[in-house]
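Chain residues, written in single-letter form:
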Amino acid sequence: GQNIDQPTEMTATEGAIVQINCTYQTSGFNGLFWYQQHAGEAPTFLSYNVLDGLEEKGRFSSFLSRSKGYSYLLLKELQMKDSASYLCAVTPGGATNKLIFGTGTLLAVQP
Amino acid sequence: DAGVTQSPTHLIKTRGQHVTLRCSPISGHKSVSWYQQVLGQGPQFIFQYYEKEERGRGNFPDRFSARQFPNYSSELNVNALLLGDSALYLCASSVRLATYEQYFGPGTRLTVT
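All residue numbers refer to positions counted from 1 along the written sequence of the respective chain. All chains are assigned letters beginning with A, and all ligands numbers beginning with 1, in the order in which they are written. A pLDDT threshold of at least 70 governs which residues receive local features in this predicted model, and a stricter bar of 80 or more applies before side-chain atom pairs are shown or counted, although totals over entire chains, interfaces and linings include all residues. Hydrogen atoms and water are omitted, and side-chain values are computed over all heavy atoms in the structure.

Novice: Could you give an account of the overall build of chain A, with specific residues and numbers?
Specialist: Helix and strand assignments follow DSSP, with helices taken as H or I runs no shorter than four residues and strands as E runs no shorter than two, numbered in order from the N terminus. Secondary structure assignment for chain A yields zero helices and 11 strands. Put simply, chain A runs from its N terminus to its C terminus through helices and strands in the order β-β-β-β-β-β-β-β-β-β-β. The atom set for the radius of gyration is the C-alpha atoms, and the globule formula is 2.2 Å times the number of residues raised to the power 0.38. For 111 residues, the compact-globule estimate of 2.2 N^0.38 gives 13 Å, and chain A sits close to it at 13 Å. Taking the principal axes of the C-alpha coordinates as reference, chain A spans close to 45 × 30 × 20 Å. Exposed residues in this analysis have more than 50% of their type's maximum accessible area, buried residues have under 20%, and partly exposed residues fall in between, with area computed by a 1.4 Å probe over protein chains only. Here chain A holds 111 residues, and the buried ones make up 50% of them. Contacts are assigned to residue pairs with any non-hydrogen atoms lying within 4.5 Å of each other. Sequence-distant contacts in chain A: of pairs separated by 6 or more residues, those separated by 24 or more amount to 54%. About 5200 Å² of surface is accessible on chain A, with carbon and sulfur atoms providing 49% of the total. Accessibility throughout is a Shrake-Rupley quantity obtained with a 1.4 Å probe, and a residue counts as covered only by protein chains that appear here.

Structure below.
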């Protein structure tokens, strides 16, 4: 089966750091994605990990451990505009790039 | 460059009706995928098309169908609409079938009453 778990909601304070965890169990693995989605809008790409380790891109970092089926998204220097849903997704690979999404983590950034 | 475009933006239909949603991929992209996102959930994969052929299908009933045209645009058709079909329908395009970079359109919000 395919299963991706992430917390439903999180709250953090402006200027702080927040870590959003994701665990996955899929029949194949060819990469893990993090997307940001504001209410009523399309998901926008944040990061892609296919090898173990940390990928850093500005205020956003993403970590992957394939042996543990675990990833996290780290957001630093939180801003109010970071309030959104954060979606963890896995591409099982094979002949397509279809994505299997988790339910998303709704992050609320408070002043 | 224009991104992925979808039409219409919003749509209200009645149970039992049929609906057609449209998607135009980014220029040069030959693969289009469709996803359904019910409120409060992550997107669920419906179909992937590449070079006008179906290359992947998710766990959706036969009421859902799609096609891709020679210009790589795509249509998603849903017959005999149910209340549970109310969702945001997202289209994503990529250059090739297995390219990891894919770009989402703004979606079509379908409400079934």
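On we go.
Novice: Can you break down the packing of aromatic side chains residue by residue, with the values?
Specialist: Residues and elements named next belong to chain A. Two rings from Phe, Tyr or Trp (for Trp, the six-membered ring) form a pair when their centres are within 6.5 Å of each other. A pair whose planes differ by under 30 degrees is stacked, one over 60 is edge-to-face, and the rest are tilted. What the rule picks out here adds up to 16 aromatic pairs over all chains. A ring pair is formed by phenylalanine 33 and phenylalanine 45, whose centres lie 6.3 Å apart and whose planes are at 70°; its orientation type is edge-to-face. Placement of phenylalanine 33 in strand β4 (residues 32-37) and of phenylalanine 45 in strand β5 (residues 44-49) is noted, with a sequence separation of 12 residues between them. A relative accessible area of 1% places phenylalanine 33 in the buried class. Given the relative accessible area of 36%, phenylalanine 45 is considered partly exposed. Taking 5.1 Å as the distance between ring centres and 20° as the angle between the ring planes, the aromatic pair formed by phenylalanine 63 and tyrosine 72 counts as stacked.

Novice: Requested: an account of the pattern of salt bridges, with residues and values cited.
Specialist: All names here are of chain A. For salt bridges, the criterion is a side-chain nitrogen of Lys or Arg within 4 Å of an Asp or Glu carboxyl oxygen. If you walk through the whole model with that rule in mind, you get nine salt bridges over all chains. Linking lysine 76 and glutamate 56 is a salt bridge whose minimum nitrogen-to-oxygen distance equals 3.7 Å. Of this pair, lysine 76 sits in the loop between β8 (70-75) and β9 (84-90) while glutamate 56 sits in strand β6 (residues 53-57), and the two are 20 residues apart along the sequence. For lysine 76, a relative accessible area of 27% puts it in the partly exposed group. Given a relative accessible area of 56%, glutamate 56 falls into the exposed group.

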